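Below are the chains, spelled out letter by letter.
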Amino acid sequence: AKHRGGNQFLFYSAEVGAQFFEKSDIELHLADAIRKGDIFPKFQPKIDLHQGTVIGGEILARWQRANGEFIPPDKFIAIAEQQHQIQALSASLIWQSSALAGNHVRAHSLTLAFNVSVQELLEPKFSQQFSATLAKCGLSPEHCEIEITESCLIENFAQAKSCVDELRQLGIKVAIDDFGTGFCSLNYLRSLAVDTIKLDRSFVGELDVDNLNNMIVVKAIIDLAHQLGIKVLAEGVETQTQLAILKALQCDEVQGFYFSPALAWQDFCQFASQFNAE
Ligand code: C2E
Ligand code: CA
Ligand code: CA
Ligand code: CA
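Counting of residues starts from 1 at the beginning of each chain's written sequence and follows it residue by residue. The lettering of chains begins at A and the numbering of ligands begins at 1, in the order of writing. Per-residue local features of the predicted model are confined to residues with pLDDT of at least 70, and side-chain atom pairs are confined, for both listing and counting, to 80 or more; whole-chain, interface and lining totals are unaffected and use all residues. The side-chain quantities take in all heavy atoms of the structure and omit both hydrogens and water.

1. Side note on the environment of Phe-40
Line of reasoning, step 1. Counting from the N terminus, the helices are the DSSP runs of H or I reaching at least four residues and the strands are the DSSP runs of E reaching at least two. Along the chain, Phe-40 falls in strand S1 (residues 39-48).
Line of reasoning, step 2. Residues Phe-40 and Trp-95, 55 residues apart in the sequence, show an inter-C-alpha distance of 9.9 Å.
Line of reasoning, step 3. Note on contacts: a residue pair qualifies if any of its non-hydrogen atoms lie within 4.5 Å across the two residues. What Phe-40 contacts, discounting residues up to four positions off in sequence, is Leu-60, Ala-61, Arg-62, Gln-64, Phe-70, Leu-93 and Gln-96.

2. Considerations on the nonpolar core
Line of reasoning, step 1. Only buried residues count toward a nonpolar core, which is a set of Ala, Val, Leu, Ile, Met, Phe, Trp, Tyr and Cys residues joined through side-chain atoms within 4.5 Å. Working definition: with a 1.4 Å probe on protein chains only, accessible area under 20% of the residue-type maximum means buried, over 50% means exposed, and in between means partly exposed. Phe-130, Ile-176, Ile-197 and Val-254 are the most contacted members of the largest nonpolar core, which has 62 residues in total.
Line of reasoning, step 2. Top element by residues in this core is helix H12 (residues 265-277). It accounts for 6 residues.
Line of reasoning, step 3. Apart from the residues lying within four places of it in its own chain, the contact partners of Val-254 are Pro-45, Lys-46, Ile-47, Leu-49, Leu-233, Ala-234, Val-237, Leu-243, Leu-246 and Phe-259.
Line of reasoning, step 4. In terms of nonpolar packing, the next biggest core, distinct from the first, is built from 14 residues, Leu-30, Phe-76, Ile-86 and Leu-89 among them.

3. Some remarks on the site of ligand 1
Line of reasoning, step 1. Whether a residue is near a molecule or strand depends on its heavy atoms: if one lies within 4 Å, it is near. Around ligand 1 there are 20 residues in total, and Gln-44, Arg-62, Arg-201, Glu-238 and Phe-257 lie nearest to it.
Line of reasoning, step 2. A distance of 2.8 Å is found between an oxygen atom of ligand 1 and a side-chain nitrogen or oxygen belonging to Arg-62.
Line of reasoning, step 3. Two N or O atoms count as a polar contact when they lie within 3.5 Å, although within protein this holds only if one can serve as hydrogen donor and the other as acceptor, and sequence-adjacent residues are included solely when both atoms are side-chain atoms. The side chain of Glu-238 places a nitrogen or oxygen atom 2.5 Å from a nitrogen atom of ligand 1.
Line of reasoning, step 4. Calculation on ligand 1 without its partners gives an accessible area of 800 Å², and the protein chains cover 82% of this total.
Line of reasoning, step 5. Here the shell around ligand 1 gets 4 residues from one element, more than from any other, and that element is strand S2 (residues 53-64).
Line of reasoning, step 6. Only Asp, Glu, Lys and Arg are considered charged in this grouping, and only Ala, Val, Leu, Ile, Met, Phe, Trp, Tyr, Cys and Pro are considered nonpolar; every other residue, Gly among them, is considered polar. Grouping the amino acids of the shell around ligand 1 by side-chain chemistry returns 7 nonpolar, 5 polar and 8 charged. The method behind every accessible area is Shrake-Rupley, applied with a 1.4 Å probe, and residues are considered shielded solely by the protein chains displayed.

Shown next, in the form of structure tokens:
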């Protein structure tokens, strides 16, 4: 028993050691990776249920290391924030996305959605800087959307609200990400004007498991949003049943593995033209 205990401890500490090594390795190479463009955009299709077409894509950051291995964003976004590299990362993603997608987005009136972290949003000049970057990239504001998480709004509501107002005045659309997970959803909707709420995938995943309360809450969220003039996108749609229920509940837009994961730009184009032709 003693011997086994010893092994378990060794195993455990090796695991912790590996995680620690991975984290320091990311910390060490992040700035360089951003500068070299090793962190690049993938595009997850967003589908409009009324038109039945692809209306744009959410840009999700991907880091491919020299050895071919991918580091998921959950592992480097927080570090980018700590290192004050998140602004550089966002700018790089906007540049790369507009270089790849700009013409197509204009020709087909699509929307590119960018994730923005709380650190960026609470920067006093964020909206001006963001719109200046768009202008330099030749992306018009009407083709851009910013996704702000609910938790980000809670951090400093007054400042987040004035930033959201400025962005919308500049013609940039705003969506609330992970809607329903932040514990004060209804309160802020009294005073915050946004274009879309993105219903968190935890609600969507419960739609096909016979959870009546969940269905009632989802219906109420959709009805409430519509009465406030806000569209609802359901995140993380993975099954035909979830999709059918969301359609029945008048949900406006969907995104999820049932349709497609985030794709390289060329694959996104192919997916969109195939999907729209069906
Ligand atoms: P998010 O903004 O909520 O993005 C959705 C995440 O759910 C993405 O994970 C996406 O790949 C995944 N997803 C999409 N459809 C499905 C589905 O049907 N089922 C399941 N289980 N998952 C699905 P990803 O790409 O790993 O990104 C994780 C998070 O990292 C994002 O969550 C976002 O908060 C953050 N992130 C990604 N790229 C950026 C970025 O460029 N800037 C910032 N600030 N954050 C980013
Ligand atoms: Ca998002
Ligand atoms: Ca989300
Ligand atoms: Ca999230």
